[in-house]
Amino acid sequence: MSPTTNHRIDVSGLEVNGERLMRRLRELAEIGPIDGGGVSRLALTDVDKEGRDLVVTWMRDLGLEVSIDSIGNVVAAGRGRTDGPPVMTGSHIDTVATGGIYDGNLGVLSGLEVIETLAERGIVTDRPLAVAFFTNEEGARFPPDMMGSLCYVGGMTVEEAMSTASADGAVVGDELERIGYRGPMPCPGPAPHAFVEYHIEQGPVLEEEDVAIGAVEGVQGISWTEVTVQGQSNHAGTTPMRLRRDAGLVAGEVAVAVRRIAQELGGDQVGTVGSIRLHPSLVNVVAARAVVTVDLRNTDEQALQEAERRLAAELDRLAEAEGVTVTTRSTARFEPVVFDPAVVDLVAATAADMGLSVRRMPSGAGHDAQMMARVCPTGMVFVPSVKGISHNPAEYTEPEDLVAGANVLLRTLVKLATIDDE
Ligand code: HGY
Ligand code: MN
Ligand code: MN
């Protein structure tokens with residue numbers, strides 16, 4: 001068959017098997033379960049390995065060609081009527097420590113479901129389809145977030161990623177080796193023809209507006225800073241306040257400053273102090289050291305830089321006022337990303353053709369798609385998060401919304417994988 005043969009597939013009747021998708025989500029959620037119905041599968045832990053092994057088994061059971069690259073990204077490719085770069089979908093299966101069962105997992109398992117649905121109907125798309133999961137999307141144990149997909153597109157060397165250490169002293173390279181997912185394929189990986197990621201919104205917008213589908217236009221900028229405050233440990237009872245160099249106090253002041261900066265800048269600015277580690281962290285000892293993480297985000301790059309400037313100025317002021325030394329380390333910095341308008345339009349039109357309400361929107365969360373956008377036309381499909389909750393065991397999306405989004409993904413991928421007559 002000539003590669004330009006027009007092979008139009010009627011997508012109107014195409015639907016995924018929602019029950020099978022829900023079953024796989026529940027089965028994967030049994031790995032690393034936590035109270036409240038969530039999961040904890042931090043990157044490169046034993047439970048991450050278990051989850052990887054299960055999904056790879058499902059990929060191989062579908063007869064897909066599974067390749068693992070040197071940072072542990074896994075790509076499972078089917079065959080098309082032509083060779084050449086696949087249309088790829090995917091996301092991640094690592095989670096935060098208080099994770100829900102949908103963040104990342106939904107996109108990977110829906111991609112698998114799309115491929116299985118087409119295979120069941122004997123439908124072979126012109127371009128091959130592939131589904132991937134990327135290593136350490138969360139960045140919660142090893143910063144930055146989206147580490148695997150960043151390596152996949154050449155934005156970070158594997159060597160640099162391998163040497164990254166976690167707060168508890170684990171190192172990426174050792175952990176990847178230990179779980180057996182240091183694969184033979186090189187990074188950067190081959191650019192797909194296009195990439196579409198399906199994900200829960202993780203915020204309140206779609207639910208508040210009662211909209212079924214988000215056609216995601218891009219991802220906001222992300223700035224992670226690790227702030228280390230060095231003061232002086234001292235006796236909590238005998239040390240007069242005027243003589244203290246209290247790292248614990250400064251840590252608290254940083255959290256207050258981050259909230260104030262976000263409120264002052266307003267708009268899309270958000271700021272979070274998610275982790276404060278004190279040393280020696282004892283009730284009767286003035287803290288000698290504090291390690292504080294700061295997460296700043298904004299859809300506007302200039303505003304994000306202003307937030308960073310205000311944080312730096314505040315840290316200088318606090319160091320002077322409390323007589324401590326403050327050092328900072330940037331652990332993630334990504335500018336805002338704009339997705340390919342043609343892919344965004346396709347997602348929106350596909351949802352509308354299905355009679356689903358749809359709105360265009362930015363993503364507040366980081367995603368592997370923001371990295372894939374560096375190498376190919378990329379877009380995302382969102383579905384509502386109940387009460388906008390995520391990174392929380394209570395993360396929930398209604399099954400009919402989950403399936404509707406998977407059907408939008410199915411039809412979007414088939415259209416992208418169809419070669420129109422040149
Ligand atoms: O940090 C993020 O936005 C994503 O959850 N990794
Ligand atoms: Mn995610
Ligand atoms: Mn997440």
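Data block above holds the structure.
Residues numbered from 1 in each chain as written. Chains lettered and ligands numbered in written order. Predicted model: local features only at pLDDT ≥ 70, side-chain atom pairs only at ≥ 80, totals over all residues. Heavy atoms only, no water.

Novice: Can you lay out the environment of Met-88 for me, pointing to particular residues and giving the numbers?
Specialist: Note that Met-88 resides in strand E5 (residues 87-91). On the accessibility criterion, Met-88 (1% relative accessible area) is buried. Beyond its immediate sequence surroundings of up to four residues, Met-88 is in contact with Val-75, Ala-130, Ala-132, Phe-134, Tyr-152, Pro-192, Ala-194, Phe-195, Val-196, Met-372 and Leu-413. (Helix = DSSP H or I, 4+ residues; strand = E, 2+ residues; numbered from the N terminus. Buried < 20%, exposed > 50% of the residue type's maximum accessible area, 1.4 Å probe, protein only. Contact = heavy atoms within 4.5 Å.)

Novice: How would you explain the coordination of the manganese ion (ligand 2) if you had to name every residue and give the values?
Specialist: For the manganese ion (ligand 2), the full set of protein donor atoms is His-92 (NE2), Asp-103 (OD) and His-199 (NE2), at a range of 2.1 to 2.3 Å. In primary-sequence terms, the residues that donate to the manganese ion (ligand 2) follow H-x10-D-x95-H. Between the manganese ion (ligand 2) and the manganese ion (ligand 3) the interatomic distance comes to 3.6 Å, and Asp-103 is a ligand of both metals. With His-92 in the loop between E5 and helix H3 (105-120) and Asp-103 in the loop between E5 and H3, this residue pair connects regions lying eleven residues apart in the sequence. The residues His-92 and Asp-103 share a single accessibility class, namely buried. (Donors = N, O, S within 2.8 Å, 3.2 Å for Na, K, Ca; no water.)

Novice: Please set out the site of ligand 1 residue by residue, giving values where relevant.
Specialist: Surveying the vicinity of ligand 1 reveals the residues Glu-137, Glu-138, Asp-145, Trp-224, Arg-297, Ala-365, Gly-366 and His-391. One nitrogen or oxygen atom from the side chain of Glu-137 is found 3.1 Å from a nitrogen atom belonging to ligand 1. A distance of 2.7 Å is found between an oxygen atom of ligand 1 and a backbone nitrogen or oxygen belonging to Gly-366. A total of 220 Å² of accessible area belongs to ligand 1 in isolation, and the protein chains cover 96% of it. Each residue belonging to the shell around ligand 1 can be placed in one class, and the counts come to two nonpolar, two polar and four charged. (Near = heavy atom within 4 Å. Polar contact = N/O pair within 3.5 Å; in protein donor to acceptor, adjacent residues only side chain to side chain. Areas by Shrake-Rupley, 256 points an atom, 1.4 Å probe, with all protein chains shown as cover. Nonpolar A, V, L, I, M, F, W, Y, C, P; charged D, E, K, R; others polar.)

Novice: With reference to specific residues and values, describe the packing of helix H1 (residues 18-29) against helix H2 (residues 46-61).
Specialist: It is the contact of H1 with H2, at a shortest axis distance of 10 Å, that shows an interaxial angle of 150°. Taken as axis vectors, H1 and H2 run roughly antiparallel relative to one another. Contacts from Arg-24, Glu-27 and Leu-28 in H1 reach Gly-51, Leu-54, Val-55 and Trp-58 in H2. Of the residues assigned to the contact of H1 with H2, the class counts are four nonpolar, one polar and two charged. (Axes fitted to C-alpha atoms, helices over the stretch in contact; angles between N-to-C directions. Parallel < 35°, antiparallel > 145°, perpendicular 65-115°, else oblique.)

Novice: Account for H1, with residues named and values stated.
Specialist: Given a rise of 1.5 Å per residue, twelve residues ought to cover 16 Å, and the 16 Å separating the end C-alpha atoms of H1 matches this to within 8%. Packed against the buried residues of H1 are strand E1 (33-34), strand E2 (38-39), H2, H3 and helix H12 (399-416). (Expected span 1.5 Å × (residues − 1).)

Novice: How would you sum up the layout of surface pockets? Please name residues and give values.
Specialist: One number sums up the size of the second largest pocket: a volume of about 470 Å³. What lines the second largest pocket is a set of 24 residues, and nearest its centre among them are Ser-67, Val-75, Ala-77, Pro-86 and Pro-190. At the level of elements, strand E3 (65-68) and strand E4 (74-77) are the ones that each hand at least two residues to the lining of the second largest pocket. Among the elements that line the lining of the second largest pocket, the one with the most residues is E3, at three residues. Each residue belonging to the lining of the second largest pocket can be placed in one class, and the counts come to 13 nonpolar, seven polar and four charged. (1 Å grid on protein atoms, 1.4 Å probe; cavity = no way out; pocket = protein on both sides within 12 Å on 5 of 7 lines; lining within 4 Å. Points joined across faces, edges and corners; volume = space filled by probe spheres on them.)

Novice: Residues and numbers for the packing of H2 against H3, please.
Specialist: In contact at an axis separation of 10 Å, H2 and H3 are set at 15° when each is read in the N-to-C sense. If you check the angle between H2 and H3, you find them roughly parallel. For the crossing formed where H2 meets H3, the hand is left-handed. Residues Val-55, Trp-58 and Met-59 of H2 form the contact with H3, whose own contacting residues are Val-108, Leu-109 and Leu-112. Here the residues of the contact of H2 with H3 are counted per class, giving six nonpolar, no polar and no charged. (Left-handed = near helix turned anticlockwise from the far one by under 90°.)

Novice: An account of the nonpolar core is requested, with residue identities and associated values reported.
Specialist: Proteins that are soluble and globular tend to have nonpolar side chains buried together. Membership of the largest hydrophobic core comes to 103 residues, with the highest contact counts inside it found for Val-55, Met-59 and Met-88. Of all the elements, H12 adds the most residues to this core, at nine residues. The residue makeup of this core includes at least three contributed by each of domain 1 (18-219 + 336-416) and domain 2 (221-334). Residue contacts for Met-59: discarding those within four places in its chain leaves Leu-64, Val-66, Val-74, Ala-76, Leu-112, Val-131 and Phe-133. (Core = buried A, V, L, I, M, F, W, Y, C linked by side-chain atoms within 4.5 Å. Domains from an automatic or database assignment.)

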